[in-house]
Amino acid sequence: MTKASFPKDFLWGFATASYQIEGGIKDDGRGPSIWDTFCDIPGKIADGSSGVTACDSYHQYPADIELLKQLGAKAYRFSISWSRVIPVGGRDDPVNEKGLQYYVTLVDELVKAGIEPMVTLFHWDLPQGLHDRYGGLLNKEEYTKDYVRFARVMFEALGEKVKFWITYNEPWCSSVLGYSIGQFAPGHTSDRKKSPVGDSSREPWTVGHNILVAHGAAVKVYREEYKQKQGGVIGITLNGDWTEPWDPESKEDIEACERKLEFAISWFGDPIYHGKYPDSMRKQLGDRLPEWTEEDRALVQGSNDFYGMNTYCANYIKNIPHPAKPEDFTGNLELLLENKDGKSIGELTQSPWLRPYPQGFRKLIKWISDRYGKPIIYVTENGTSVLAENDKTKEEILNDDFRVKYFEDHLQALAEARTFDGVDVRGYMAWSLLDNFEWAEGYETRFGVTYVDYEGGQKRYPKKSAKAIGQIFDKLIEK
Ligand code: GBH
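Residues numbered from 1 in each chain as written. Predicted model: local features only at pLDDT ≥ 70, side-chain atom pairs only at ≥ 80, totals over all residues. Heavy atoms only, no water.

Student: Give me the overall build of the protein chain: which residues, what numbers.
Tutor: When its secondary structure is counted, the protein chain shows 16 helices and 13 strands. Taken over C-alpha atoms, the radius of gyration comes to 21 Å for the protein chain, in line with the 23 Å a tight globule of 479 residues would show. For the protein chain, the C-alpha atoms occupy an extent of roughly 55 × 55 × 45 Å along the three principal directions. Counting every position in the protein chain, which comprises 479 residues, the buried fraction comes to 63%. Long-range pairs, those at least 24 residues apart, make up 77% of the contacts in the protein chain between residues at least 6 apart in sequence. When the accessible surface of the protein chain is summed, it comes to about 18200 Å², and 51% of that surface belongs to carbon and sulfur atoms. (Helix = DSSP H or I, 4+ residues; strand = E, 2+ residues; numbered from the N terminus. Rg over C-alpha atoms; globule rule 2.2 N^0.38 Å. Buried < 20%, exposed > 50% of the residue type's maximum accessible area, 1.4 Å probe, protein only. Contact = heavy atoms within 4.5 Å. Areas by Shrake-Rupley, 256 points an atom, 1.4 Å probe, with all protein chains shown as cover.)

Student: Go over the sheet that holds strand β10 (residues 377-381), please, and point to the residues and values.
Tutor: The strands that make up a sheet are held in pairs by hydrogen bonds between backbone atoms, and each pair lies either parallel or antiparallel. One closed barrel holds the eight strands; their spatial order is β1-β2-β3-β4-β5-β7-β10-β11, and the pairing between them is parallel. Direction aside, the axes of adjacent strands within the sheet are offset by 25° on average. Sheet topology note: the strand β2 (residues 75-79)/strand β3 (residues 116-120) ladder contains five bridges and is parallel. For Ser79, the partnering residue across the bridge sits in β3 and is Thr120. Each of β5 (233-239) and β7 (306-310) is contacted by helix α10 (residues 251-274), which is oriented at about 155° to β5, the strand it contacts most. (Pairing = 2+ DSSP bridges. Axes fitted to C-alpha atoms, helices over the stretch in contact; angles between N-to-C directions.)

Student: So, the packing of aromatic side chains: which residues are in play, and what are the values?
Tutor: Taken as a whole and assessed by the stated rule, the structure comprises 51 aromatic pairs. Ring plane angle 85° and centroid distance 4.9 Å describe the contact between Phe155 and Trp165, whose orientation is recorded as edge-to-face. One end of the pair, Phe155, is in helix α7 (residues 140-158); the other, Trp165, is in strand β4 (residues 164-169), and ten residues separate them in sequence. Both residues of the pair, Phe155 and Trp165, count as buried. Their ring planes at 70° and their centres at 5.2 Å tell us that Phe164 and Tyr378 sit as a pair that is edge-to-face. Of the two residues, Phe164 sits in strand β4 while Tyr378 sits in strand β10, which places them 214 residues apart along the sequence. Taken individually, Phe164 and Tyr378 each receive the classification buried, so the pair is uniform in this respect. Taken together, the ring pairs connect Tyr19, Trp35, Phe38, Trp124, Phe184, Phe437, Trp439, Tyr443 and Tyr454 into an aromatic cluster. Lying over the aromatic face of Tyr58, Arg84 brings its terminal NZ or CZ to 3.9 Å of the ring centre. Positioned above the aromatic ring of Trp246, the side-chain terminus of Lys318 is 4.4 Å from the ring centre. (Phe/Tyr/Trp six-rings, centres within 6.5 Å; stacked < 30°, edge-to-face > 60°. Lys NZ or Arg CZ within 6 Å of the ring centre and 35° of its normal.)

Student: Can you explain the site of the ligand? Please cite residues and give values.
Tutor: As a structural note, the neighbourhood of the ligand is formed by 16 residues, with Gln20, His123, Glu170, Glu438 and Trp439 the closest of them. In this structure, an oxygen atom belonging to the ligand sits 2.9 Å away from a side-chain N or O atom of His123. Between Trp439 and the ligand, the recorded distance is 2.8 Å, taken from a side-chain N or O atom to an oxygen atom. The fraction of the free accessible surface of the ligand (580 Å²) that becomes covered by protein chains is 82%. A per-element tally of the shell around the ligand places helix α8 (residues 171-179) first, with three residues. (Near = heavy atom within 4 Å. Polar contact = N/O pair within 3.5 Å; in protein donor to acceptor, adjacent residues only side chain to side chain.)

Student: So what's going on with unusual backbone geometry? Residues and values would help.
Tutor: Trans is the common state for peptide bonds, and a negative phi is the common state for residues other than glycine. Across the junction of Ala185 and Pro186, the peptide omega takes the value 5°, indicating a cis bond. Within the element layout of this structure, Pro186 appears in the loop between α8 and α9 (203-230). Residue Trp431 is joined to Ser432 through a cis peptide bond whose omega torsion reads 5°. Looking at where Ser432 falls in the secondary structure, it is placed in the loop between β11 (425-431) and β12 (450-453). Even without being glycine, Asp56 reaches a positive phi, approximately 60°. Relative to the helices and strands, Asp56 is located in the loop between α2 (34-39) and α3 (57-71). Although it is not a glycine, Glu170 adopts a positive phi angle of roughly 50°. Topologically, Glu170 is positioned in the loop between β4 and α8.

Student: Let's hear about the packing of α8 against α9: which residues, and what values?
Tutor: The packing of two helices is summarised by the inter-axis angle and the distance between the axes. As a packed pair, α8 and α9 sit with axes 8 Å apart at the nearest point and diverge in direction by 155°. When the interaxial angle is binned, α8 and α9 end up roughly antiparallel. Both α8 and α9 take part in a crossing whose hand is right-handed. Contacts from Pro171, Ser174, Ser175 and Tyr179 of α8 reach α9 at Glu203, Pro204, Val207, Gly208 and Ile211. In the contact of α8 with α9, the residues fall into five nonpolar, three polar and one charged. (Parallel < 35°, antiparallel > 145°, perpendicular 65-115°, else oblique. Left-handed = near helix turned anticlockwise from the far one by under 90°. Nonpolar A, V, L, I, M, F, W, Y, C, P; charged D, E, K, R; others polar.)

Listed below in structure tokens is the structure:
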């Protein structure tokens, strides 16, 4: 019997994002991002915190690299703070050399340590200057030009040392959480109790479209001007979680499961691989979903060298038997954590939305692989919080058996998908290297394989899971 495994050159490591770890938000000329602004609005972040210090990685990055070395990581995925590099953000605005130098040094040091840098250009922290100047992500013409210039600055500065570029992290989150429910920066929503501005029925679809076009434009520049001499690959990272029917007997719930995956993943995946939006979305959203011009389609279709996959959990799905509300972004269905019989999809964690369901990981990656013609896939995020972890003592936190089990189960499922389902997965980045600023949840929720002591100078202490990942890979990687 064949054993599920990964090939020798399988790229594994850990992931982070700029605003979640860097701190130093005013250091060396960094400009504000929409997340700095959002965190200043009372009530938006659960514990009233912000990324002002976070893990202090702007200063303590050598400790991060040390940690990666110690854990045996082959790769490190991090993101660039655009407003650190171009403080106001625009194509005619000055580059901040000191801010740029931070990333040049980080990449140099990683390469020296034998760790492959995987660079995300955009993990949600848009320069506030661009939001103020023309509405940021809502303005396709202006935004695309500014994003392409930013991308170009990074391609030039980091050059051939970077072989993996990710244009965007989870455009679904920027669109839906930022422009429909207002839970993330810039907080737009139709709900006037939460925000004075926003139109949940239209803005998320506009923003999603604009991100796709900007992604495509940056990929075109990379392929035409840099790829050959630098030898890297470029793609986008999409988020999405597996779905199971709330009532397995219900045809409607089964159909709704597929629709949910389309609204979450194919919204972006289909234009990139098939040149169009899914029919289910067009049917529900009509002309609120932008049309593809020939010009935009040419930029977007075929624009992925690889598919970046983020996934954490799964949901039960229940169809809604009434016409969709204008603000619906799910595909007119309910997302539930228990099925018809009251069975939970997985154990509780600190994140209300996250209950581990490893078999869903295998099914989802196969679904993606089948739908998009067996693309090369890198899992760019996967991980878990732990229920009430922050209330425990440091010693207890370091013994994170729950997280160890999560990684064991998910890596086994992933190896099975590769070995038995023919999925072309080439790498895996655990979320996250460090406990960090968990967006609207603040610091209460910890996702790190490393405990960060926020009261003790952000000192890092690897948890059991940090060391376990290397051991799990050691067992699964072919000798
Ligand atoms: C990732 O998103 C992010 O890339 C990363 O920055 C973050 O720290 C990590 O997850 C852990 O959260 O509240 O019902 O609207 C994961 C995808 C999609 C998960 C939106 C939470 C909210 C569901 N996220 N989802 S709900």
